[in-house]
Amino acid sequence: MDASAATRETMLVRDPVCGMTVDPAGGKPRHEYDGRTYHFCSEGCRAKFIANPEAYIAATDPVCGMEVDRSSAKHTASHAGETHYFCSDRCKSKFEAAPQDYLDAKPAPKPMPVGTIYTCPMHPQIEQVGPGSCPICGMALEPKGVPAADEGPNPELVDFTRRFWVGTTLTLPLLVMTMGPLIGFGGVRDIFGERATLWVEMILGTPVVLWCGWPFLVRGWNSFRTGNLNMFSLISMGVIAAWIFSVVAVLAPQIFPDGFRDAEGHVGVYFEAAAVIVTLVLLGQVMELRAREGTGRAIRALLDMAAKTARVIRPDGSEEEIPLEQVQVGDRLRVRPGDKVPVDGVVVDGRSSVDESMISGEPVPVEKVSGDPV
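A. Examining the overall build of the protein more closely. Counting secondary structure elements, the protein contains 13 helices and 16 strands. Here the protein holds 374 residues, and 33% of them are scored as buried.

Here you go:
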């Protein structure tokens, strides 16, 4: 390789969008951002970068987790149609040897930025800075206007799922011991004896009530404290009343009147009722959270179908592709055949057919001429 060829190779930079190498002197598209010039292999990559530059500046090394500048990264590898960036050749080699090992390990979600506004999914008028619970319904607040990629897994769904499975594991044997005699399995309680069985019920039921059901108890207490009674008011009151009664019945059965005790002096307990209520409510919460998460993903998928950039016609007749949020009222935009209509407006010149199926559900394109709204 001669000296001029070596110099030319060192001058090559990387397209931060697709990862291709680009010659800065080759007349390819470029864009200035934050005091730095980025070079692209095509106008399509440039438009994607302009629409969301932060998403294409830095990448995470899937092996070591270090942050890598996409435009200057020297080590890249493609897998399943996606380009991955690495801090060193060592990390690249590890990835190429077993890429699935690193792609399956999902990084921990980034913490929400300071000052993020949280709102209630059921009462959107409730807004506050930072996470918490809705003072009206008790539901956990969710970050407002945060893209799905930034949210990561729903922490409430992860927490409730874990509590549900722990509660189910402890509630099933509790149900066997309490309901077994009613369906002909009376020998279940004879294994430990009646007195010891009551203690076992308390040992199994107490974690379900106090740990699995703790979020409901907190929400119930807040509802009574603020005066905004909701379903958690009833759930927490019923569960804690059943648990306290049962604990006292196990620890001090002699304080109850004779009518409460059986022939052996034992008082009936309700640990299984409290545990079943907590577990079923957790199941309902998990199903609701999953449904909300699926609905949110579907809505965001629809929003992603909208145009991200617009082609604005300047007063001198030149055209410039700009991010959608920079479009101003009164701008003249050019919509080419097959393009998506970026914003609401009125046709000034030309005629074409526009696909309005997302709005009307009608699959047949609608003819638009000068003066028609789009």
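B. Structural view of the sheet that holds strand β10 (residues 127-129). As summarised here, the arrangement of the three strands in space is β10-β9-β11, forming an open sheet in which the pairing is antiparallel. The open sheet is flanked by β10 and β11 (142-143), the only strands paired with a single partner. Here strand β9 (residues 117-119) pairs with β11 via two bridges, running antiparallel. Following the sheet pairing, T119 is matched in β11 by E142.

C. Highlighting the sheet that holds strand β14 (residues 332-333). In spatial order, the strands read β13-β12-β14; together these three strands make up an open sheet with antiparallel pairing. With partners counted over all chains shown, the strands left at the sheet margins are β13 (319-323) and β14, one partner each. As defined by bridge partners, strand β12 (residues 309-313) adjoins β14 across two bridges and the pair is classed as antiparallel. Pairing of V312 across the sheet is with L333, part of β14.

D. Region of interest: the environment of V239. Structurally, the position occupied by V239 is in helix α11 (residues 231-251). On the basis of relative accessibility, which here comes to 2%, the residue V239 falls in the buried class. The residues contacting V239, other than those within four sequence positions of it, are V209, A274, I277 and V278.

E. Spotlight on the pattern of salt bridges. If you walk through the whole model with that rule in mind, you get eleven salt bridges. Between E288 and R292 there is a salt bridge; the shortest N-O distance is 3.5 Å. Here E288 and its partner R292 are both found in helix α12 (residues 271-304), four residues apart, which amounts to about one turn of the helix. Through salt bridges with shared partners, a single ionic network connects D159, R162 and R163.

F. Quick peek at helix α10 (residues 214-226). For α10, spanning 13 residues, the distance from its first C-alpha to its last is 18 Å, which sits close to the expected 18 Å at 1.5 Å a residue. G227 occupies a position one or two residues after α10 and carries a positive phi of about 85 degrees.

G. Region of the structure containing the layout of surface pockets. Estimated volume of the second largest pocket: approximately 1,400 Å³. What lines the second largest pocket is a set of 40 residues, among which V335, K340, V341, P342 and V374 lie closest to the centre. Counting residues per element, the ones that place at least two in the lining of the second largest pocket are β14, β15 (352-354) and α13 (357-360). Classifying every residue of the lining of the second largest pocket by side-chain character gives 19 nonpolar, nine polar and twelve charged.

H. View of the nonpolar core. One finds F216, F271 and L282 to be the most contacted residues of the largest nonpolar core, which totals 38 residues. Listing elements by their share of this core, those giving two or more residues are α7 (155-179), α9 (194-212), α11 and α12. Residues V17, C45, F49 and Y56 belong to the second largest nonpolar core, which totals nine residues.

I. Just the packing of α10 against α11, in detail. Running from N to C, α10 and α11 cross one another at 115 degrees; their axes reach a closest spacing of 8 Å. When you trace α10 past α11, the crossing you get is left-handed. Residues F216, L217, R219, G220, S223 and F224 of α10 form the contact with α11, whose own contacting residues are F232, S233, I235, S236, M237 and I240.

J. Representation of the packing of aromatic side chains. Applying the stated criterion to the full structure yields seven aromatic pairs. Taking 5.8 Å as the distance between ring centres and 80 degrees as the angle between the ring planes, the aromatic pair formed by F160 and F216 counts as edge-to-face. Taken as a pair, F160 in helix α7 and F216 in helix α10 lie far apart in primary sequence, 56 residues in all. What links up through ring pairs into an aromatic cluster is the set F245, F256, F260 and Y270. Between R163 and the ring centre of W211, over which it is positioned, the NZ or CZ distance is 4.6 Å.

K. Representation of a nonpolar patch on the surface within the structure. On the surface, a cluster of nonpolar side chains totalling about 450 Å² of accessible area is made up of M179, L182, I183 and F185. For F185, the location among the structural elements is in the loop between α7 and α8 (187-190).

L. Region of interest: the pairing of strand β3 (residues 30-33). One ladder, built from four bridges, connects β3 with strand β4 (residues 36-39); its direction is antiparallel. The partner of Y33 across the bridge, within β4, is R36. Remark: two residues form the turn of the hairpin made by β3 and β4, two consecutive strands paired antiparallel; D34 in that turn has positive phi of roughly 55 degrees.

M. Structural context of the confidence of the model for the protein. Per-residue confidence for the protein averages 80 on the pLDDT scale, and 89% of its residues sit at or above 70. Helix α1 (residues 3-11) is the least confidently modelled element of the protein, averaging 41 in pLDDT, while α11 averages 93, the highest of any element. Confidence over residues 1-10 falls short of pLDDT 50; this stretch has three contacts with residues more than four positions distant or in other chains.

N. Structural detail: the packing of α9 against α11. Following both chains from N to C, one finds α9 and α11 inclined at 150 degrees, their axes separated by 10 Å at the closest point. The pairing of α9 with α11 is recorded here as roughly antiparallel in orientation. As for how α9 packs across α11, the hand of that crossing is left-handed. For the pair formed by α9 and α11, the contact residues are R195, L198, W199, M202, T206, V209 and L210 on the first element and V239, I240, W243, V247, A249, V250 and L251 on the second.

About the criteria used
- Residues numbered from 1 in each chain as written.
- Predicted model: local features only at pLDDT ≥ 70, side-chain atom pairs only at ≥ 80, totals over all residues.
- Heavy atoms only, no water.
- Helix = DSSP H or I, 4+ residues; strand = E, 2+ residues; numbered from the N terminus.
- Buried < 20%, exposed > 50% of the residue type's maximum accessible area, 1.4 Å probe, protein only.
- Pairing = 2+ DSSP bridges.
- Contact = heavy atoms within 4.5 Å.
- Salt bridge = Lys/Arg side-chain N within 4 Å of Asp/Glu carboxyl O.
- Expected span 1.5 Å × (residues − 1).
- 1 Å grid on protein atoms, 1.4 Å probe; cavity = no way out; pocket = protein on both sides within 12 Å on 5 of 7 lines; lining within 4 Å.
- Points joined across faces, edges and corners; volume = space filled by probe spheres on them.
- Nonpolar A, V, L, I, M, F, W, Y, C, P; charged D, E, K, R; others polar.
- Core = buried A, V, L, I, M, F, W, Y, C linked by side-chain atoms within 4.5 Å.
- Axes fitted to C-alpha atoms, helices over the stretch in contact; angles between N-to-C directions.
- Left-handed = near helix turned anticlockwise from the far one by under 90°.
- Phe/Tyr/Trp six-rings, centres within 6.5 Å; stacked < 30°, edge-to-face > 60°.
- Lys NZ or Arg CZ within 6 Å of the ring centre and 35° of its normal.
- Patch = residues over 30% accessible without salt bridge, like charges linked within 9 Å, V, L, I, M, F, W, Y side chains within 5 Å.
- Areas by Shrake-Rupley, 256 points an atom, 1.4 Å probe, with all protein chains shown as cover.
- pLDDT = per-residue confidence, 0-100.
- Parallel < 35°, antiparallel > 145°, perpendicular 65-115°, else oblique.

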